[in-house]
Structures are given as C-alpha cells and as structure tokens.
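# Structural description and commentary
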Amino acid sequence: MITAIVYGDGETTEYDDLASARAAAGTTWIHATEVTDAELDAIADEFDIHGLAIDDLGNDVRAKTEEFPDHTFVLLKTATLARGETTFREEVATSPVGIFLGDDWIVSVTTGAAPVVERVRRAVASGDERLLHRGADFTAYRIIDVVVDDYFDLLDRIEDEIEAIEEDVLETPDRATLERINSVRRELLSFRKQVWPAREAVGVLARGDPDEVDPDTEKYFRDVYDHLVQIADLTETYRDLVSGARDIYLNALSQSTNEVMKTLTVVATIFIPLTFVAGVYGMNFDPAASPYNMPELGWGYGYPAVLVVMALIAVAMAAHFRRRGYI
Amino acid sequence: MITAIVYGDGETTEYDDLASARAAAGTTWIHATEVTDAELDAIADEFDIHGLAIDDLGNDVRAKTEEFPDHTFVLLKTATLARGETTFREEVATSPVGIFLGDDWIVSVTTGAAPVVERVRRAVASGDERLLHRGADFTAYRIIDVVVDDYFDLLDRIEDEIEAIEEDVLETPDRATLERINSVRRELLSFRKQVWPAREAVGVLARGDPDEVDPDTEKYFRDVYDHLVQIADLTETYRDLVSGARDIYLNALSQSTNEVMKTLTVVATIFIPLTFVAGVYGMNFDPAASPYNMPELGWGYGYPAVLVVMALIAVAMAAHFRRRGYI
Amino acid sequence: MITAIVYGDGETTEYDDLASARAAAGTTWIHATEVTDAELDAIADEFDIHGLAIDDLGNDVRAKTEEFPDHTFVLLKTATLARGETTFREEVATSPVGIFLGDDWIVSVTTGAAPVVERVRRAVASGDERLLHRGADFTAYRIIDVVVDDYFDLLDRIEDEIEAIEEDVLETPDRATLERINSVRRELLSFRKQVWPAREAVGVLARGDPDEVDPDTEKYFRDVYDHLVQIADLTETYRDLVSGARDIYLNALSQSTNEVMKTLTVVATIFIPLTFVAGVYGMNFDPAASPYNMPELGWGYGYPAVLVVMALIAVAMAAHFRRRGYI
Amino acid sequence: MITAIVYGDGETTEYDDLASARAAAGTTWIHATEVTDAELDAIADEFDIHGLAIDDLGNDVRAKTEEFPDHTFVLLKTATLARGETTFREEVATSPVGIFLGDDWIVSVTTGAAPVVERVRRAVASGDERLLHRGADFTAYRIIDVVVDDYFDLLDRIEDEIEAIEEDVLETPDRATLERINSVRRELLSFRKQVWPAREAVGVLARGDPDEVDPDTEKYFRDVYDHLVQIADLTETYRDLVSGARDIYLNALSQSTNEVMKTLTVVATIFIPLTFVAGVYGMNFDPAASPYNMPELGWGYGYPAVLVVMALIAVAMAAHFRRRGYI
Amino acid sequence: MITAIVYGDGETTEYDDLASARAAAGTTWIHATEVTDAELDAIADEFDIHGLAIDDLGNDVRAKTEEFPDHTFVLLKTATLARGETTFREEVATSPVGIFLGDDWIVSVTTGAAPVVERVRRAVASGDERLLHRGADFTAYRIIDVVVDDYFDLLDRIEDEIEAIEEDVLETPDRATLERINSVRRELLSFRKQVWPAREAVGVLARGDPDEVDPDTEKYFRDVYDHLVQIADLTETYRDLVSGARDIYLNALSQSTNEVMKTLTVVATIFIPLTFVAGVYGMNFDPAASPYNMPELGWGYGYPAVLVVMALIAVAMAAHFRRRGYI
Ligand SMILES: [Mg+2]
Ligand SMILES: [Mg+2]
Ligand SMILES: [Mg+2]
Ligand SMILES: [Mg+2]
Ligand SMILES: [Mg+2]
Ligand SMILES: [Mg+2]
Ligand SMILES: [Mg+2]
Ligand SMILES: [Mg+2]
Ligand SMILES: [Mg+2]
Ligand SMILES: [Mg+2]
Ligand SMILES: [Mg+2]
Ligand SMILES: [Mg+2]
Ligand SMILES: [Mg+2]
Ligand SMILES: [Mg+2]
Ligand SMILES: [Mg+2]
Ligand SMILES: [Mg+2]
Ligand SMILES: [Mg+2]
Ligand SMILES: [Mg+2]
Ligand SMILES: [Mg+2]
Ligand SMILES: [Mg+2]
Ligand SMILES: [Mg+2]
Ligand SMILES: [Mg+2]
Ligand SMILES: [Mg+2]
Ligand SMILES: [Mg+2]
Ligand SMILES: [Mg+2]
Ligand SMILES: [Mg+2]
Ligand SMILES: [Mg+2]
Ligand SMILES: [Mg+2]
Ligand SMILES: [Mg+2]
Ligand SMILES: [Mg+2]
Ligand SMILES: [Mg+2]
C-alpha cells in the first residue's frame, strides 16, 4: 500500500498520485508498506531507482548505504527475537526497510507491516513540528532512529534471558540450562549479523558522505551511529557473559561428578575392608583339624574383639576422609 | 575448446578465428573451456596476455584481480563440496575461472567444464538484451555473478548439515556426531580459504580501479561484492555455530559419565554396607565357646531383626540419594 | 544546584546569574551538580547547547567527544565498583559528567553528586595558581584528570581481588572461588565498556582536534590519554590473569577427582581379590562327600597359609600402586 | 666462497676480482656462499654496504627489505623442518639469504650452503635466456622465488603429518598421538615466525617501492608475494586443522573413560545386589532357635527359588542397561 | 648523582656545572642516575623540560616518545624477571630510563642504578670512536639499544623455563608443573605490557619523526625497532608454547584418571562375579531338607568344577579386557 504526503511550512497534504506528489512544493514522502512488485516498479520509474536496489529489498541482503547519482539508498532491517525452537536462520526475524533519499523527497519501502515506520508517518500526518520544518534527511533520520531503538528492546530481552540463565546456572543447572545458554548464544550470533552492517550503513550517513544529508542533520545520524556502536558493544559483551555462564555450568557438572565419586569412595573404602574381615571369619577351615585353624573362632571374646577392630577401622577411615574434606 | 563470438546492437556472430573475432566491430568474447596448453598459448599471443597470468590458471592459486597495462585479469574459483571421506585438500573441490577483460573484448578460460559460465554464454548466444547492449565489463560481471551465486548453494548445503548436527547432538550424540562436526569444520575452513581472496578480488572491481570497468558497471560489481561479504560473514557465523554444537556434544559426554557414576554410586553405596552386615552374621565364631560369641544367631527374632535393619538402612540411603537428586 | 564563577589574573568571583557570569571578563565556569531538567534547559539556552547533547546526559550513553560549531562537548563517566551481588548492569555504577567547553567558558554538568569534580571547583575557589591563570581548556583537563584518576582506584581494588583469588585458588578452591572469579570477570567486562569509549573521547582532545583546546594544553590531555591507554591495557591483562586463575581452579577440581579415584582404586583393588579368596573358603562344599571337596579346610596349616597368601597379595599390590605413584 | 659473473646480451663472463666485475658492462652478480667475515668486509667495501646490514646476516634477524640510498637490502631465510626431538628454536632450521640489489649489480650472500641459490647461478652460467636479458632485479626475483618455493615443500610435509595425525586420532589415539599433535603445532608456530616477515619484505618489492625494481619486474614480485600470502594462509588453516585433531583426541579420551565407567557400572550394579542376596543366605542364624530364623534354608525349593530370583534381577538390570545404551 | 660530559672531535671533557656544560662546544651529555627530586628540578630548569615529563619519570608510566618544541622525550623501562613467588605487579621488575634529546645535547635520567646506561657512558669516557664523532641522537640510540638488548636476556630466561616445563610436563606432571606454567604465563603477560609501548616509542624514532634524529641515525633506530618487533613476536609465540604445555599437562591428568579407572574396572569386573559365585556356594540352604537344595555341595567334583568355572570366567574377562586395550 502506497501513501504519498507532501509537507513543509507546518502543513501536510496527501496525494493520490506519485508524479504530482513529487512535483508539489515541499518535502515529498512516499511510503510503501507490504509493497507489491507492481508498486515497486511504479515507484522505481517515477524516482529513477536502480533495479539492483529494488532487488535488494526482495532478497535477504545485509544493511547498507549506497550512493546513486541523484539519491542515496539506505537499507536497514527491523529485528525481532523469534520465540520457541527455531533454526538458526529464524532466530532473529528480520524485515527490510528501504529508504531512498533525494534532495527534497524520500521514499520508504517495507515488505512487511513495519509499525515503527508507521509511527513516524503518523507524527508527520499529525503535524510534528520538527519533522515538518526540516527536510527529507531529517525524516530519514527519524525512520532509522525508530528502527534502531527497537534493537535496544531486543537486547533488553536478551539481557533478561542472560540474568535468568545466570541464576539458573547457580541454582538448578541441568541439561535445559545448557540449551538455554546455546539458544541465547545463537540469538546473539544472529543479531550480530544484523548489527555490524547497520552500523557501517549509518556510519556513512553520520560522516555526511551523501549530498542529500544536510550538515545540520549529520549530528542526528551521529547520535544513531553512537547507539549502534553501543549495541554492537553490548552484543559482544553479552557473548562474553554467556560464555561465563557456560563455564559455570560445565564446572557445576564436574563438581557434581567429583562429589558423586567422593560419596562412592568413602562408602566403598570404609566397608570393603570390613567386609573382607567378616569374610575371613566366615571361612570354613576346620578348627578341629589343627590348633592353627582359625583358633579365634573358639576364643571367648573373639566376636566382640572383631567387632571392636572393625569399628576402629571404620572410625579411623572416616576421620581420614573428614580430614581430606571428603565428608 | 575455444568459441569466439562478437556481439553488440542486438546481434551475435560466431567466429572461427581469434584474430578476426578481435578485429570485428562490437564486443569480442573468447571463451575457452577445458582449455589445452596450445589453446592457451594461442589466446595469450593474440591478446598479449602475460605468462604469469597463464601460469596462475594451471596452478592452485588464490583468487585475485591483477591489472595489466591493457587488460585486467580476474581469477576466481568455482567451489563444490566433496562427498564422503576426503583429505583436507579435497574437502572443497575448486576449478579456476580466468577472465581477461580488455576495452572491447573479454577472454574467459576454464580448465574444467564450468557449466555456470556456459549458462552466460548461452544467454548471449540467445540474444539476452542486457548482455548484448552493454560492454565486455558487464559480461565479466555476469560470469563472476554466477560463480558467486554457486557459493550460496554450497553454504546452504553446509547450513543443512549444521541443522542436522544440531538435532543429532541433542538426540543421539555419539562418536559419529563428532566426526560430522569435524567434517563441517573442515569444510568451512576449506571454503573460507576460497572466499576471502575472492572477496578481495571482486572488491578491486567494485571500487572501479581498473580502467576497463565502466562507472555504470561498478554498482553491479558492488552487488557481487556485497554477496561475498555476506558469504564471508556466514562462513564465520557457521564456524561459531559448529563450535556451539561441539560444546553441547562434549557436555553430553560429561553428563553421561556423570549419570553412569551416579548409578554406580547409588547401587554400590546402598548394597555394600548391607553386604557387610550379612557378612558379619556369616562369620563362624562359635556361640558354644562363649556367651559373647554371636549370641544374636540364637535369638528368636535375630533374623527378622537384621532384615528390618537392612531394609531401614536401604530406605534411608535411597531417600538421601533422592534428596541429592541422584535418583 | 548551579554555581557560576569567573576567574583569571589570580582572582575568583562568584555570580548568581548565568548571563552576567558569561558576559564577565575572564574564564566563566558554570558547574551544575545533581542537575534538574529546568536547570539544564536554562544552561542550554544561555550557552546554545544542542538538545542531543542534553539528551545524552540523561541517558546511559557511552563516553564521547563531540564538536559543535562554537563549543566542544565531552561526556565522561565516573565509575565505582558495586558491592555485593549485582546484575551485570549494576556491576560498575557510573554517573555522567558532561563538559561543554567554549572559548572562554566551561560548563560542567553532573546528574549525581560527583565529589571529584567538586574537588577541582574548590581548588579554583581557593585560588589554585595553575587553574586561575590558564584558560577553560585547562580546567576541563583537570576535571577529566580527576575522573580518570578514580579509574586507577577501581583497578587497584580489582587487582586486590585478583591477588586474593589467586591465593584462594591455590589453597581452598571451592564453589565460592569460582563465583568470585566470575564476579571479577563481570566487573572487568563492565569496566571495559566504560574505558574504551573514554579513551577514544580523550584521544580527540589529545590530538588537539577541537579549536577550544590550546596547543599548550594538548600535552596535558595526552597525559590523561596515556593513562587511559594504560588502564585499557591493564583491563585486558587482568582478564588474562582471571582466566589463568580459572584454569587453575578447574584443574584443582580435576586433580581432586583424580585423587579420589586413586583412593578408591587402591582400596578396592587390594581388598576385592582378598575378599574373593575368603569367599572361596567360605563355600560349603562337603569335604565328607569327596576328597576333592575343599581338602584345604582340613589341612593343619590351611588357615595360616591362606592368611600368608592374602598378605603377600596385598603387599604385592600395594607395592605396585606405590610404583605407579598412586599411594 | 665468492664468485663474480657479469652477463647481458646473452653472454656470461666470470671475474676473479670484485672491482673489475663491478666496473664491467652488463649486470654484475657477486654470489658469496658460506661467506667468511673477511669476504663480507671486502664486499661491503666494494659496494658501500652498511655495517648494520652486514650484522643482520650474522644474527638471527627476521626477514626484511630495507632501502639504502644506492641499493636495497633484502633478507630472507631458507627454512627446513628439523627431524626428531628438538627444542622450539630448532623446530625449523633457517639460514639467511641476503640480497643487495643495485642499479646494475646484485650481491647475494648466504652463510650456509644454500643449494637453491646455486640453482639460479647455474641457470645464469648456462645462459638461461630470461635471466641473461633482464636486469639485476629479475635475478633477485628468481633467487627469492626459489627460496619461497621451498616453503611449499615444507608445508607439504606438514600437511602429510597432519593427514597422518588425523587418521591416527581416529584409529589409535594414545599419548604418542598427542605428542605428534604438539610437535606439528610447534612446527607451525616456528614456521609462522618466518613467513610473516618474509611476506612483508616481499610486499615492499611487489609494491615497487625501491628504485632498483623495474616496473616490468614488479608483477614477478607480486607473484611471489601471492605465494607468501597463500603460505601464510595455509599456516593459519593448518593450525586450525591441528586444533581440530587435538579436540578429537581429547574427546576420544573422555569417551574411553566414559566407556570404562559404563563397563564397571554394569558389572558392579548387576552383581553387587546378587552378592548381597547370597550373603544373606550365608548368614548363620540358627533355624533351630526359632521358626523365624531363616526358615527359607529348610524349604524344599528355597535354593532354586533364590537362584531364579537372582536370575530375574540380573536379567532386569541387564535389560535396563541395554535400554540406556550402556551395553 | 649527576655527571656532565661534553664530547666531539675525539675528545671528552667532564664538567661540574650544568650551565657551562650546555654552553660548551660539542655534544653535551648530562647523565643523572638514582636521581633526586632536587637534581631533576635543576636539570628541568636548565634544559626547559616540561613538568609532565618529569612526573612520568616518577610514576609507573608506559614507555613512550613525546615531541616537545625544542627536544624529544623518550621514556623506556629496563626489565628484570623477579625470582620466587611474586604478585603480578612484581613479576617483571622495571625501572624507568628517561632520555631528553636536544639538538646538540642529551639528558639521560634513571631512578635506579641502571648499569646498562653506565656501560654506554664508560664507552664515551674511554673515547669510543663512533660515539664521540656522531651527535647526541647516536648516543640516544646506544642507550636505547643496550636497554632493549637486555630484553633478549629476559626472553632467553623465559625460553629456558619453557623448555624445562615442556620436559617436566612429559615426565613428571604434577601440581607444581601447573604452577610453573602459570608463573611463566604471568611473566609473559607482564613483560608484554612493557614491550608493546616500547615498540611504539622506538617506532616514532625509527620513522625519523623528531627533528633531533638525523637521517643517518634513523637506520640505527630501525635496527632497534626490528629487535622490538622480534621481541614482541617471540612474546606472543611463547604464550602459544606455554598454552601448548598447559594442554599436555591437562591431558596427562585426564589420561591418569582414565588409567586409574581402567585398573579399577578390570579388577572389580573380574572379581565381583567370582565373589558372587563363591557367595552362592557359601549359602546355608539345607541339603538335607530337599534334593533341590544345593545338591552341588555334595557332588564329588563340585569344588574343583566351581574352581574351573571361576578360572574360565576370569580368563575370558581378562582376554576381553586385553582385546579392549585395558591391560
Ligand atoms: Mg530461539
Ligand atoms: Mg545452566
Ligand atoms: Mg566491547
Ligand atoms: Mg567483548
Ligand atoms: Mg567476538
Ligand atoms: Mg569479543
Ligand atoms: Mg572478548
Ligand atoms: Mg568431507
Ligand atoms: Mg554430536
Ligand atoms: Mg561475523
Ligand atoms: Mg565469528
Ligand atoms: Mg578465525
Ligand atoms: Mg569467530
Ligand atoms: Mg559484583
Ligand atoms: Mg577458586
Ligand atoms: Mg595488553
Ligand atoms: Mg580482548
Ligand atoms: Mg590483551
Ligand atoms: Mg587477551
Ligand atoms: Mg591477548
Ligand atoms: Mg620437531
Ligand atoms: Mg591423537
Ligand atoms: Mg586464513
Ligand atoms: Mg591464528
Ligand atoms: Mg585461523
Ligand atoms: Mg614469578
Ligand atoms: Mg606441568
Ligand atoms: Mg607471532
Ligand atoms: Mg598467539
Ligand atoms: Mg601471535
Ligand atoms: Mg595470540
């Protein structure tokens, strides 16, 4: 769906026709949402937009800024975390936002619904002062700004997940914890793929390379650029946090194995020698055949003596293990 | 096999002879496939191609763009994943595609069959509008474009393998899984060796450094360059994914060892003390010799009492292990 | 709370009113601490400060230096280690210090109490020679210098923690040690996020890019820049130290498991065969039924012979284990 | 030993004396092999070679290209893999090859035998067309080319070792495998120390920085530079391959421990309860003292019943372990 | 202690007074060792040295080269390995060497004894040709050169430690080995902190940026710079070697655990079933009560048969374990 508005000097007018919108005095903003191929062709014809740029909107292309002789093309992506089990490609759902920025016109194209861009359009329609009085480049800044602000929301959700994992890993580390860790790791990898190109793309505008960017607007793009630097920074830092959580998880597992082994060792090491002693006095050598054959069996205090010896062995070994910190 | 065509103004003519093809008006395209040394020499003579460039086609040289006084030499590699067990060198099968780009001529040389280049040649032969009306540099772009598009297919196959591994690692991790992980790791290493030089080589064309590249064609090369950046990006990201799968695999092994130990510990720790108790009452001290010798054996409820004590010990330890999460 | 002072030629005068302070001869320093929105607006009006810079003070923005047509904006952060259990965001508590540096004026704004800046203000008020006779840029240097000096204190605390961990890890490694290691790791990650942008921001001043920085003052900013380079360096080095401590911790755990297993193996391996031998002579085959049925039971030296054999087995195995270094 | 030849226009003349060789028309090539200090001094005097460059030949200095007012100094190293156990310093045996390149003269100096350089000298002596007709810079290229070609042989040997390790690690991983892995790792580290400086050194020549390098010869140096880039690339890739082999080795060890534990757990967990049951019926409670004392012993089917119960327990547990994949 | 000498044209004169030394014809070298604050102030006054540079000598500042209007300040550090147990800060003991290089004067300042600088001073005093006839910059080169040469000694000691560790790790890996590994790791980290800034500082001189560096002297600084590049290189390579040794150590531990487990598993798995069999025939079922109750006990060959069965089981299991490589 295409909407065409022209604004300036505090007024906004809607147009039905691309050509007359472009010709009208003021800043022309063509916004095409959930755009069809036919609509794209019409826009490309009217504003002399290169076929390669049109192709980029349809394919899964990295964010970028490309300068053409009479306009600048900015391609950004909205990004949303996918819920539930996903393949890597689907971890972060993206949708392209194309901005064609001319002298006194701007064309914005989205293949999806793009409610964030809609918010900017409503601000213009409702006569937002700053948007109406500044040129097309300031409107481009606002669109890019709202897209990038959404990145912070995505990072906040990831940060919440990481805090939850960090608690989980200390309290109830299990197989599910590792799957959560891996899931966040994939989300960060997937998000990072979006952030770095976006940072480069906005960097071009922040340096004021394209003619269509007014020197006064540069510092606004620099502000968005700062945000993208911060987002890229956080993405890397979060990767480090996640890898710290993973280390603690793996350590918890080793620690558990260590403790299991200690339990076994303590019990087996105490009882195996005792069982041997009991086994010895369970042998059937015939005391009648010789005085050397198990005379203990006939002693008056043989049984209590053996019990006492066993108890002493057990106590000594338990004390030994306590000293070693096993129990 | 050498084919020579000349095209321009919508028409395509085939030639038998290199010299007259070069002399004819229009864009001359010499395409040599499964080229022999003799054919290479003939082409090099006709188009003044440097011996070092000819050598590069025969040897296993990295992709590159090299500018010569009157033409530019672009060397790319087609890449195909080898199936089955392979040495590292064979993981990704490559075949060179050499492009010599002059003012109004282009020579393309492949040592293998190179069906992707053949596709472009058929498009020219069948009168593809865009190819016929643009110069030699646009034809070079098309050849490079189809070669690079094949890289995406290769990456898609690798991505499928990774998705399969990620499932495998969660469901049936075993030695074979690790071998699959290592195999993809090697494929990515091997592919990466192809991608980075290709990216540099196309970058030279995208910046429009060679005189033979028309300013209008630059943005087409920039488009291929963007693809190669994306491919390089994905290669790195896939490496990270594979290393995540490897971590989960290794963890599954540790987890398995941990569980095996728990099983042993629970069974051994419950039964070893019980066996000891049974051993004690299996001793042969002579109750007749003294009232202190195993009087329990003569008690009326001695046996049931021991059984009850054993059962209590077993229940207590099982409860303990359940609390610790061992069972 | 806003304070306004004007100084130069060894004298300092306080003003109640921004406009007259600015107009007065000498260097004007407006310092706003725990600033309110209304105060910020008043300052921004008087000194033509851009709205984006004002926004940056309120939000959690990375340190930076930004040049505006008639002044330079420097944003730094004070940093304090949070005590106790914290989320990642809270590990290092930061508070913004904004400095707007004009020709002959400087505005400093803090949203918190900022006692370090207060120290500089008191030095001016009490007639510190160097501050009074040099321009606004030197005062900016002093503020930045005291903020950065505090970073060294933070690093000293982290270094103390690391030394303590390194001892702990050698003497009493346990779960708490790992949590300490992870805590320092997070602190370093969090601090690093502050240091790198600060380094870039001061680098701009050290290169003398802004007009407001006098060539004579450049070397002072270079001095602060050197400190920030050293701080960034130490942060990375400390990360390496912490990861070394982590390795030793993990190794201590493996070593412990290894020793536990050795204990179990020695005891079980010695006693299990002995218990078997005892078990054999505890069998109830009837010697009366046949001369082949356990004739040993009736031998005169059967029992002592078995005890000697058992002792020999035990001694031989113990010697074997001693040779292997198990005991 | 010093040899002096002068060539050009298809002819080669040998000289006994440095000064007359230099003065003669044509390209002068002084080649000193297994050079003595006295020979070096004589050469340095005749060709005004700086003492620092002479020092570099004697010491273990990184490869480099250094421009002097009237000549360019290129220092390369031949590299050979040491066989058997070596200290790190000896892993890759290197020998310096110094090239001093003047307008119409070239001096090559080796401290060892350097058969690769000898090959080039014989080509000149036997009237190799290309060498005789091109200047001193082309001869320098040929020397550098043969030195670098030897690097590929070294890499081939390393690749063979890696392939052997990769098989070994899958089939018979043991302690020796790890030592092989570590040995290749050290060889790669040691070789890498040679490759990177060589790449930089040849890069200077490939860019045509020194005056002594003719524009026509630049592309030959670029060819060697391409080889060195490929060699550096392979070195890094081989490091990754080796670290993959190491991972598989370590995993094989964990897997082995896991399987050992499973064996123990299965056997112990099946027999320990059975042994307990046997122990119970080995107790000596006196059935005569009370009807509650082990009445089972007197039952007609007591023994077969116990055997059946034991067999059922064993079968159940074996089935359980089979389900868990332990056996 | 301050010494002042003036030299040139082969002669060296000592002076008592800074001002007259500076005024005298020839190169003036002021050398202050174990310098006091008062001495520093006197020197700073006479040679117009900036207070920040004086401060840098007292504090623990990174090596650097800083250009001032009429002189260049070079700050280097001597480095010595600390012996025995140390905190991280003390691993490498450093002591600053400050060099102020003017047109025809040089001031060198050390806070410690600095015997390496003393060596250079004695060379001048004893009339070393090269030092006397070249300017102040050559003397600066000599001082820097001797300081950097000492770095190689430090690296040699580290290399010896690494070789010792590599042997230790293969022959007697124990807890002490890991502590040695960690100690070298810390030394390398600490040394690296010194090397990188020194490399940058000398790089400035090697590029000939400061006016005080004569073009002829540049190549001497380049020589020192090459050494520092090589030192930095070796530091990184040694880090890799140490991490290789650490891997082998950790593997030795895993291998040991694996072997311990194998020992236990073999012994337990062989004897536990045998003990069970013995336990069965130790049961007290009454053969008199029924012909089904342990009739084996009354058989003529019962006992030998059981022994043979046990021996067969033991031999079969031992053969199984030998096939699996456990024994
Ligand atoms: Mg997901
Ligand atoms: Mg977890
Ligand atoms: Mg970061
Ligand atoms: Mg990071
Ligand atoms: Mg990263
Ligand atoms: Mg990172
Ligand atoms: Mg990092
Ligand atoms: Mg394969
Ligand atoms: Mg797997
Ligand atoms: Mg990436
Ligand atoms: Mg990556
Ligand atoms: Mg990598
Ligand atoms: Mg990576
Ligand atoms: Mg904390
Ligand atoms: Mg610890
Ligand atoms: Mg560092
Ligand atoms: Mg780092
Ligand atoms: Mg670092
Ligand atoms: Mg690091
Ligand atoms: Mg590092
Ligand atoms: Mg070796
Ligand atoms: Mg191996
Ligand atoms: Mg590589
Ligand atoms: Mg590497
Ligand atoms: Mg690598
Ligand atoms: Mg030490
Ligand atoms: Mg060791
Ligand atoms: Mg290195
Ligand atoms: Mg390294
Ligand atoms: Mg390195
Ligand atoms: Mg490294």
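Residues numbered from 1 in each chain as written. Chains lettered and ligands numbered in written order. Predicted model: local features only at pLDDT ≥ 70, side-chain atom pairs only at ≥ 80, totals over all residues. Heavy atoms only, no water.

## Points about the side chain of Thr27 of chain B
Rule in force here: Secondary structure elements are taken from DSSP: a helix is a run of H or I of four residues or more, a strand is a run of E of two residues or more, and numbering for both begins at the N terminus. Each residue's exposure class comes from its accessible area (1.4 Å probe, protein chains only) as a fraction of the maximum for that residue type: buried when under 20%, exposed when over 50%, partly exposed otherwise.
Note on placement: Thr27 of chain B falls in strand 3 (residues 27–33). Judged by relative accessible area, Thr27 of chain B falls into the buried class, the value being 9%.

## Observations concerning the interface of chain A and chain C
Going by this rule: Two residues form a contact once any of their heavy atoms are found within 4.5 Å. A 1.4 Å probe defines the accessible area here, and the buried area is the portion of it lost by two parts on being joined, summed over both. Throughout this description, the term salt bridge denotes a Lys or Arg side-chain nitrogen within 4 Å of a carboxyl oxygen of Asp or Glu. Polar contacts, as counted here, are pairs of nitrogen or oxygen atoms within 3.5 Å of one another; within protein the pair requires one atom able to donate a hydrogen and one able to accept it, and residues that are adjacent in sequence qualify only if both atoms are side-chain atoms. All residues other than Ala, Val, Leu, Ile, Met, Phe, Trp, Tyr, Cys, Pro, Asp, Glu, Lys and Arg, Gly among them, are scored as polar; the first ten of these are nonpolar and the last four charged.
Counting residues at the interface gives 55 residues for chain A and 56 residues for chain C. Together, Phe276, Asn284 and Phe285 of chain A form the three largest contributors to the area buried by chain A at its contact with chain C, with a combined 13%. Scanning the region where chain A abuts chain C turns up 9 salt bridges. Between Arg89 of chain C and Glu159 of chain A there is a salt bridge, and its shortest N-O distance comes to 2.5 Å. Our count for the chain A to chain C interface comes out at 23 residue pairs in polar contact (both at pLDDT 80 or more). For the side of chain A that touches chain C, the secondary-structure elements that each account for two or more residues are helix 6 (136–171) and helix 8 (215–280) of chain A. The biggest single contributor to the side of chain A that touches chain C is helix 8 of chain A, with 33 residues. Across the side of chain A that touches chain C, the residue classes tally to 25 nonpolar, 15 polar and 15 charged.

## Focus on the confidence of the model for chain A
Our working definition: Each residue carries a pLDDT score, the predictor's own confidence in it, on a scale running from 0 to 100.
For chain A, mean pLDDT is 91; residues scoring 70 or higher make up 100% of the total. Confidence estimates for the predicted assembly give a pTM of 0.85 and an ipTM of 0.83.

## A closer look at the relation of the copies chain B and chain A
Rules: To superpose the copies, least squares is applied to the C-alpha atoms of every residue with a pLDDT of at least 70 in both.
Superposing chain B onto chain A requires a rotation of 72 degrees together with a translation of 0.1 Å along the rotation axis, leaving an RMSD of 0.1 Å. In symmetry terms, the pair is related by a five-fold rotation axis. Closest to the rotation axis within chain B is the C-alpha of Gly282 of chain B, separated from it by 4.6 Å. Comparing interface residues between copies, only 16% of those in chain B also lie at the interface in chain A; the contact surfaces differ.

## Quick look at the UniProt feature "transmembrane region" (unreviewed entry) in chain A
All names here are of chain A. How we decide: UniProt positions are given in the numbering used here, feature names are shortened, and annotations may be inferred rather than shown by experiment.
UniProt records the feature "transmembrane region" (unreviewed entry) at residues 263–281 and 301–321, using the numbering of this structure. Taken as a whole, residues 263–281 contains 95% helix and 0% strand, while its terminal C-alpha atoms sit 28 Å from one another. Regarding residues 301–321, the helix share stands at 95% and the strand share at 0%, and the terminal C-alpha atoms are separated by 30 Å.

## Remarks on a negative patch on the surface
Residue and element names in this part refer to chain A. Spelled out, the test is: Only residues whose relative accessible area exceeds 30% and that form no salt bridge are eligible for patches; like-charged ones are grouped when within 9 Å, while nonpolar side chains (Val, Leu, Ile, Met, Phe, Trp, Tyr) are grouped when within 5 Å. With residues, only the protein chains shown are counted as cover, and all accessible areas are computed by Shrake-Rupley using a 1.4 Å probe. Think of it this way: Lys and Arg go in the positive column, Asp and Glu in the negative one, and His and the chain ends go nowhere. Taken as the charge location is NZ of Lys, CZ of Arg, CG of Asp or CD of Glu.
Together, Asp37, Asp41, Asp45, Asp48, Glu67, Asp70, Asp103, Asp104 and Asp211 make up a negatively charged patch on the protein surface. It is helix 2 (residues 37–47) that contributes the most residues to the negative patch, 3 residues altogether. Judged by relative accessible area, Asp211 falls into the exposed class, the value being 75%.

## Section: the pattern of salt bridges
One pass over the full model with this rule turns up 115 salt bridges over all chains. A salt bridge links Glu91 of chain A to Arg186 of chain A; the nearest nitrogen and oxygen atoms lie 2.8 Å apart. On the criterion of sequence distance, the pair formed by Glu91 of chain A in the loop between strand 5 (71–81) and strand 6 (92–101) and Arg186 of chain A in helix 7 (residues 175–206) is long-range, its members being 95 residues apart. For Glu91 of chain A, a relative accessible area of 4% gives the class buried. What makes Arg186 of chain A buried here is its relative accessible area of 8%. Each of Arg246 and Asp247 of chain A, Arg246 and Asp247 of chain B, Arg246 and Asp247 of chain C, Arg246 and Asp247 of chain D together with Arg246 and Asp247 of chain E takes part in a single network of salt bridges with overlapping partners.

## Brief notes about the relation of the copies chain A and chain C
Note on the identical chains: chain A maps onto chain C by a rotation of 72 degrees and an axial translation of 0.0 Å, with an RMSD of 0.1 Å. Take the interface residues of chain A: only 15% of them recur as interface residues in chain C, which is what a contact between different surfaces looks like.

## Thoughts on the packing of helix 4 (residues 115–125) of chain B against helix 6 (residues 136–171) of chain B
Residue and element names in this part refer to chain B. This is how it is decided: Lines are fitted to the C-alpha atoms to define the axes, a helix being fitted only along its stretch in contact, and any angle between axes, read from their N-to-C directions, falls within 0 to 180 degrees. Throughout, the term roughly parallel applies to angles under 35 degrees, roughly antiparallel to angles over 145, roughly perpendicular to angles from 65 to 115, and oblique to all others. Handedness of each helix crossing follows the sense of rotation of the near helix against the far helix: counterclockwise by less than a right angle gives left-handed, clockwise gives right-handed.
Axis separation between helix 4 and helix 6 bottoms out at 9 Å; the angle between their running directions is 140 degrees. Between helix 4 and helix 6, the interaxial angle falls into the category oblique. When you trace helix 4 past helix 6, the crossing you get is right-handed. Across the interface between the two elements, Val116, Val117, Arg119 and Val120 of helix 4 pack against Arg142, Ile143, Val146, Val147 and Asp150 of helix 6. Residues of the contact of helix 4 with helix 6, tallied by class, amount to 6 nonpolar, no polar and 3 charged.

## Some words on the domain arrangement of chain A
Residues and elements named next belong to chain A. Operational definition: How far each domain reaches was decided by an automatic or database domain assignment.
Splitting chain A by domain gives domain 1 (2–253) and domain 2 (254–323). Using C-alpha coordinates to define each centre, domain 1 is positioned 75 Å away from domain 2. In this assembly, 4 residues from domain 1 lie in contact with 4 residues from domain 2. Of the roughly 290 Å² buried where domain 1 meets domain 2, counting both sides, 25% is carbon and sulfur surface. Area buried by domain 1 at its contact with domain 2 is led by Asn251, Ala252 and Leu253, which between them contribute 92% of it. Summed over the shared surface of domain 1 and domain 2, the result is 0 salt bridges. Here domain 1 is connected to domain 2 by 8 residue pairs in polar contact (both at pLDDT 80 or more). Here the residues of the side of domain 1 that touches domain 2 sort into 3 nonpolar, 1 polar and no charged.

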